[in-house]
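Structural characterization, general
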Amino acid sequence: MEHRRGSGPGGCQPPLAPHARTPPPPCPGPTAAGVGAALKKLKGASRGERGARRHRGLRFDNGLADGQSIWFSLEGSPSQITLSQTIAIDPGHGTDCQSLFGTSDGTAGPTYGDTEAALALRIANQMASIARSHQYHVLLTRTSDGCQSIQNRWRLANEEKVNAFVSIHFNATGSPGVDGTEVWYYPPKTDSQDLASDLLQEIVGSLPLANRGLKRSGTDAPWAGKNIGVLVGTKMTAALVEVAFLTNPSDEELMHQASSQNAAANACFVGVDNFFNQ
């Protein structure tokens, strides 16, 4: 029995290249017995194997993962078993939220006036749309410009038992020459570094942004000796993306463009998708 993206019954087609994907047609749902066989194979795998570790947090209902929404292969290694995933997308800040910069909307670009909160929400909504079109379940921690506390963001993700959490932000500094993208993760969560790396690679590969590398919450400035709440409070794999510096003229102009915002959203989705499917 086989249900996989590339060869499942019912005319399922393989996905296109990551940057040009279209949603594959749905595959027929597997039986509970088939899922059980897959799980036995998964449980027998080494916990050190990347694919096996990624599926430990999945929810099951009467033997089926997320109801009927499931793709997997009973042949090959556990890293080939792909089940429907739920992504939490967290648009940073929001009106009335406290900020490191003393403003409710986070940082803002000095030339165009784009706020971090508004840009993050646009990218998050676009990323959510792309993810849903590729059969992912999506949880948005906020859908409007209102505030959602940091505690509520990670509590919501924990209650919904999502498989990965991505927080979207923009950076700022007193030095306009500082630019580029960085992605933060919490080192005790070993898979989080993999997710952060996949996100960073896709963003700097899709937009003309400098690669500032991966950053460790609790270790790297300005978070040395303290931690980013949503990365520590969440129980699942999590990463926080600082897409660009709104205080840098080039980054600000780039991210003011709708095409760049869409490219960032697509890059974030592809990064998450690569994380789950490598």
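Every value quoted in this text rests on a predicted model; they were computed, and no experiment measured them. Counting restarts for each chain: residues are numbered from 1 in the order of the written sequence. Only residues with pLDDT of 70 or above have their local features reported here, since the model is predicted, and side-chain atom pairs are shown and tallied only from 80 upward, although totals for entire chains, interfaces and linings are computed over all residues. Derived side-chain values reflect all non-hydrogen atoms in the structure, with water molecules and hydrogen atoms excluded from consideration.

**Notes on the sheet that holds strand β10 (residues 237-245)**
Pairing within the open sheet is mixed, and its 6 strands lie in the order β6-β5-β7-β10-β8-β9. Single-partner strands in this sheet number two, and they are β6 (137-140) and β9 (211-216). Direction aside, neighbouring strands of the sheet carry axes that sit 20° apart on average. Note on definitions: a residue-residue contact is assigned when non-hydrogen atoms from the two residues lie within 4.5 Å. An axis is simply a line fitted to the C-alpha atoms; with a helix, the fit covers only the stretch in contact. Between two such axes, the angle follows the N-to-C directions and lies from 0 to 180 degrees. Think of it this way: any DSSP run of H or I at least four residues long counts as a helix, any run of E at least two long counts as a strand, and we number them from the N terminus. Contacts from helix α7 (residues 249-256) reach β7 (164-171) and β10, with the element oriented near 110° to β10. By definition, two strands form a pair when at least two bridges between them are found by DSSP.

**Some words on helix α4 (residues 150-159)**
Relative accessibility decides the category of a residue: with a 1.4 Å probe and only protein chains considered, values under 20% of the type maximum give buried, values over 50% give exposed, and everything between is partly exposed. Taken as a whole, α4 has its buried residues at R153, A157 and N158. Along the axis of α4, the buried residues cluster in a sector spanning 125°; they form a single face. The inward-facing, buried residues of α4 contact β5 (86-91), β6, β7 and α6 (229-233). Two residues or fewer after α4 comes K161, characterised by a positive phi angle close to 55°. The arc under discussion is defined with respect to the helix axis, by the directions toward the C-beta atoms.

**What to know about the environment of G174**
Summarising the element assignment, G174 is placed in the loop between β7 and β8 (181-185). Between the C-alpha atoms of G174 and T247, which are 73 residues apart in sequence, the distance is 7.6 Å.

**Notes on the confidence of the model for the protein**
In the predicted model, the protein carries a mean pLDDT of 75, and 66% of its residues have values of at least 70. One number per residue, pLDDT, summarises how confident the predictor is, and it ranges from 0 to 100. Across residues 55-82, confidence stays below pLDDT 50; counting only partners more than four residues off in sequence or on other chains, it has 83 contacts.

**Re the pairing of β10**
The element β10 is largely enclosed, with a buried count of 9 among its 9 residues. Relative to β10, β7 is paired through 7 bridges, and the arrangement is parallel. Bridge assignment links V166 to a residue of β10, and that residue is A239.

**Thoughts on the environment of T111**
Checked against the element boundaries, T111 lands in the loop between β5 and α3 (116-133). The sequence separation of T111 and L246 amounts to 135 residues, and the corresponding C-alpha distance is 9.2 Å.

**Considering the nonpolar core**
Counting residues in each nonpolar core, the largest one holds 42 residues, and the members touching the most others are I89, I168, L199, V243 and M255. For this core, the element with the highest residue contribution is helix α8 (residues 258-277), accounting for 9 residues. Residue types Ala, Val, Leu, Ile, Met, Phe, Trp, Tyr and Cys, when buried and joined through side-chain atoms within 4.5 Å, form a set referred to as a nonpolar core.

**Topic: the pairing of β8**
For β8, the buried fraction is high: 5 of the 5 residues fall into the buried class. Of the two faces of β8, the one holding T181, V183 and Y185 and the one holding E182 and W184 are both buried throughout. When β8 meets β9, the two strands line up parallel, connected through 4 bridges. Directly across from Y185, in β9, lies its bridge partner R216. In terms of strand pairing, β8 meets β10 through 3 bridges, oriented antiparallel. Residue pairing in the sheet places E182 in a bridge with E242 of β10.

**A short note on the packing of aromatic side chains**
Stacked, tilted and edge-to-face pairs are distinguished by plane angle, under 30 degrees for stacked and over 60 for edge-to-face with tilted covering the rest, among Phe, Tyr and Trp rings (Trp via its six-membered ring) whose centres lie within 6.5 Å. As enumerated under the stated definition, the model contains 3 aromatic pairs in all. When the ring of Y136 is compared with that of F269, the centres are 5.7 Å apart and the planes differ by 85°; the resulting orientation is edge-to-face. Linking Y136 in the loop between α3 and β6 with F269 in helix α8, this pair joins segments that are 133 residues apart in sequence. Neither residue differs from the other here; Y136 and F269 are each classed as buried. Measuring from centroid to centroid gives 6.1 Å for Y136 and F276, while their planes differ by 35°, and the two rings are tilted. Of this pair, Y136 sits in the loop between α3 and β6 while F276 sits in helix α8, placing them 140 residues apart in sequence. Relative accessible area serves as the criterion here: at 4%, F276 is assigned to the buried category. Taken together through their ring pairs, the aromatic side chains of Y136, F269, F275 and F276 make up a single cluster. By definition, being over a ring means that NZ of Lys or CZ of Arg is both within 6 Å of the ring centre and within 35 degrees of the ring normal. Over the face of the ring belonging to W154 we find R155, whose NZ or CZ atom lies 5.3 Å from the ring centre.

**Points about the pattern of salt bridges**
Salt-bridge detection follows one rule: a side-chain nitrogen of Lys or Arg within 4 Å of a carboxyl oxygen of Asp or Glu. Taken as a whole, this structure holds 3 salt bridges when the rule is applied. With a shortest N-O distance of 2.7 Å, R153 and D90 are connected by a salt bridge. One end of the pair, R153, is in helix α4; the other, D90, is in strand β5, and 63 residues separate them in sequence. For the pair R153 and D90, one class covers both residues: buried. A salt bridge links D220 to R216, with the nearest nitrogen and oxygen atoms 3.2 Å apart. Owing to a relative accessible area of 17%, D220 belongs among the buried residues under this scheme. Overall, R216 belongs to the partly exposed group, its relative accessible area being 35%.

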